[in-house]
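As a plain string of letters, each chain reads:
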Amino acid sequence: MVELGFRHFVGVDSSKLMLEQAAKTGLYQDLKLALLGTEPLPTQTAGPAIRNGPPAVWCRLPTGTGRAARRSSSTGRRRSRSCQAQSSLPPAGAPTAGRIGSEAGSASVRGTFDVVVIIGALREGHVPVSILRELSDAAKPGGYICMSRSDSKSECGKEYKVSMEKELQQMEEEGLWTHVMTEEMHKYMMDFDGDEYLRGTMHLYKKSLV
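A brief report on the enclosed structure follows.

Rules used in this analysis
- Residues numbered from 1 in each chain as written.
- Predicted model: local features only at pLDDT ≥ 70, side-chain atom pairs only at ≥ 80, totals over all residues.
- Heavy atoms only, no water.
- Helix = DSSP H or I, 4+ residues; strand = E, 2+ residues; numbered from the N terminus.
- Buried < 20%, exposed > 50% of the residue type's maximum accessible area, 1.4 Å probe, protein only.
- Contact = heavy atoms within 4.5 Å.
- Areas by Shrake-Rupley, 256 points an atom, 1.4 Å probe, with all protein chains shown as cover.
- Arc of directions from axis to C-beta.
- Polar contact = N/O pair within 3.5 Å; in protein donor to acceptor, adjacent residues only side chain to side chain.
- Core = buried A, V, L, I, M, F, W, Y, C linked by side-chain atoms within 4.5 Å.
- Patch = residues over 30% accessible without salt bridge, like charges linked within 9 Å, V, L, I, M, F, W, Y side chains within 5 Å.
- Salt bridge = Lys/Arg side-chain N within 4 Å of Asp/Glu carboxyl O.

A word on the overall build of the chain. When helices and strands are counted, the chain shows six helices and seven strands. Its helices and strands in sequence order give the chain the pattern β-α-β-α-β-α-α-β-α-β-α-β-β, from N to C terminus. Split into buried and exposed, the 210 residues of the chain put 46% on the buried side. In the chain, the proportion of contacts linking residues at least 24 apart, taken out of those at least 6 apart, comes to 73%. Counting every atom, the chain has about 10,700 Å² of accessible surface; 52% of that belongs to carbon and sulfur.

See the structure below:
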């Protein structure tokens, strides 16, 4: 992405260990600690330098297979709620993206990033499906939202997939974004034991201009 002109990367994770690993890469200009879905999406640092400068990227740090990643994953599971609570959508009319604008001055960060990426966190026990609207809010009009997830075979995983696909379709029907592509990946990522590859799915959407 750097070769394509992207210069400002903002990373987010719920684990300090993962953020420390990310800092060592020298790629990110800003790193934020946050538990997505339960705390405001941490884009408040986005200012004129991002909005008016080179293309900017917001990303939830990708899940890895190392010790820090395993510890991060176990922490997330301890903090998360039940499968049903994580995968269910809020009732009709309930505010699902209000967190970004709920803090004083944070409404101005809506539509800040050219690309928003979330890798590995869209699954049961990690972040609720309602996070999709927050990710869309963080992107500029015409920006892209890239989301990938592992395909779980558990009942909770199947329920989450159904809820997520329902929300993706609902947001498209509301005119919030348009579907660009969906791609299934046979070798998405290694499991935490490093024994085999997990299957996964990547969804790419383009935020509407209005």
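For the rest of this paragraph, the subject is helix α1 (residues 16-25). Taken as a whole, α1 has its buried residues at Met18, Leu19 and Ala22. The buried residues of α1 occupy an angular sector of 100° when projected down its axis, which confines them to one face. What points out from α1, more than 90 degrees from its buried face, is the exposed set Lys16 and Lys24. The opening residue of α1, the one whose side-chain oxygen lies 3.2 Å from the backbone nitrogen of Leu17, is Ser15. Remark: Gly26 follows α1 within two positions and exhibits a positive phi of approximately 75°.

Attention shifts here to the nonpolar core. Membership of the largest hydrophobic core comes to 25 residues, with the highest contact counts inside it found for Leu122, Leu132, Leu135, Met147 and Trp177. The set of elements that each furnish at least two residues to this core consists of β1 (8-13), β4 (113-119), α5 (131-138), β5 (139-150) and α6 (155-173). Among the nonpolar cores identified, the runner-up in size contains eight residues, and Phe6, Ala22, Tyr28 and Val117 belong to it.

Our focus in this paragraph is a nonpolar patch on the surface. On the surface, a nonpolar cluster with roughly 230 Å² of combined accessible area is contributed by Tyr144, Val180 and Met181. Its place among the elements puts Val180 in strand β6 (residues 177-190). On the basis of relative accessibility, which here comes to 40%, the residue Val180 falls in the partly exposed class.

Right, let's talk about the environment of Ile131 for a bit. By the secondary structure assignment, Ile131 is in helix α5. Distance in space between the C-alpha atoms of Ile131 and Gly37 is 5.7 Å, their sequence separation being 94 residues. Beyond its immediate stretch of four places on either side in the chain, Ile131 contacts Leu36, Gly37, Leu41 and Leu122.

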